[in-house]
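For reference, the chains in residue letters:
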Amino acid sequence: MEQYRAHREQARTTDGEATQAEIDALLGRATGTITLPKGLSAASLDRVTAQLRTDGPLSASEAAERLGMSRVAVRRYLEHLVVEGVLTRAARYGNRGRPETEYGWKRRTGPEV
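### Some words on the overall build of the chain
Now for step 1: Broken down by element type, the chain carries 5 helices and 3 strands.
Now for step 2: Each helix (α) and strand (β) of the chain, taken in turn from the N terminus, gives the series α-α-α-β-α-α-β-β.
Now for step 3: Across the 113 residues of the chain, 26% fall into the buried class.
Now for step 4: When contacts within the chain are restricted to residue pairs at least 6 apart in sequence, long-range pairs at least 24 apart make up 47% of them.

### Here's the deal with the pattern of salt bridges
Now for step 1: Enumeration according to the criterion identifies 5 salt bridges in this entry.
Now for step 2: Between Arg-92 and Glu-62 there is a salt bridge, with its nearest N and O atoms 2.8 Å apart. Of this pair, Arg-92 sits in strand 2 (residues 87-92) while Glu-62 sits in helix 4 (residues 60-67), placing them 30 residues apart in sequence.
Now for step 3: One network of salt bridges, with partners in common, ties together Glu-62, Arg-92, Glu-100 and Glu-102.

### Quick notes on helix 3 (residues 42-55)
Now for step 1: A rise of 1.5 Å per residue sets the reference length of helix 3, with its 14 residues, at 20 Å; its end C-alpha atoms lie 20 Å apart and thus fit the reference within 8%.
Now for step 2: Those residues of helix 3 lying buried are Ser-44, Leu-45, Val-48, Thr-49, Gln-51, Leu-52 and Arg-53.
Now for step 3: Gly-56 occupies a position one or two residues after helix 3 and carries a positive phi of about 75°.

### Section: the side chain of Ser-44
Now for step 1: In this fold, Ser-44 is placed in helix 3.
Now for step 2: With residues near it in sequence (within four places) discarded, Ser-44 still touches Met-69 and Tyr-77.

### Looking at the sheet that holds strand 2
Now for step 1: The sheet built from 3 strands is open, its strands ordered 1-3-2 with antiparallel pairing. Either end of the sheet is taken by a strand with one partner, and the two such strands are strand 1 (58-59) and strand 2.
Now for step 2: Here strand 2 runs beside strand 3 (residues 100-105); their pairing, made up of 6 bridges, is antiparallel. Along strand 3, the bridge assignment pairs Thr-88 with Gly-104.
Now for step 3: The strands touched by helix 5 (residues 71-83) are strand 2 and strand 3; relative to strand 2, the strand with the most contacts, the crossing angle is about 120°.

Conventions used here
- Residues numbered from 1 in each chain as written.
- Predicted model: local features only at pLDDT ≥ 70, side-chain atom pairs only at ≥ 80, totals over all residues.
- Heavy atoms only, no water.
- Helix = DSSP H or I, 4+ residues; strand = E, 2+ residues; numbered from the N terminus.
- Buried < 20%, exposed > 50% of the residue type's maximum accessible area, 1.4 Å probe, protein only.
- Contact = heavy atoms within 4.5 Å.
- Salt bridge = Lys/Arg side-chain N within 4 Å of Asp/Glu carboxyl O.
- Expected span 1.5 Å × (residues − 1).
- Pairing = 2+ DSSP bridges.
- Axes fitted to C-alpha atoms, helices over the stretch in contact; angles between N-to-C directions.

Laid out in structure tokens, this is it:
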């Protein structure tokens, strides 16, 4: 009964859209986990994904400022998630200078055939 209560609490307190890894963890499945390359940690990956889920599409600079991490470190996690097919990358044009890269959740349009 305690496991069920913990399961319900975790499901209820998740903010934003759930990732496939979170869904699999709630269901007790080991599938859907993202393997990390050398130099990346699961704890930091969780922090980056939680920040992106909470604040929506972000640049590496914005996420780094909010997380207290370096821009380069955050960018490595974001680029890893793009390669894994979890995030999308788009150019964000400002008033002048180079465009920033904005990272956001990849939307699934329907069932895969």
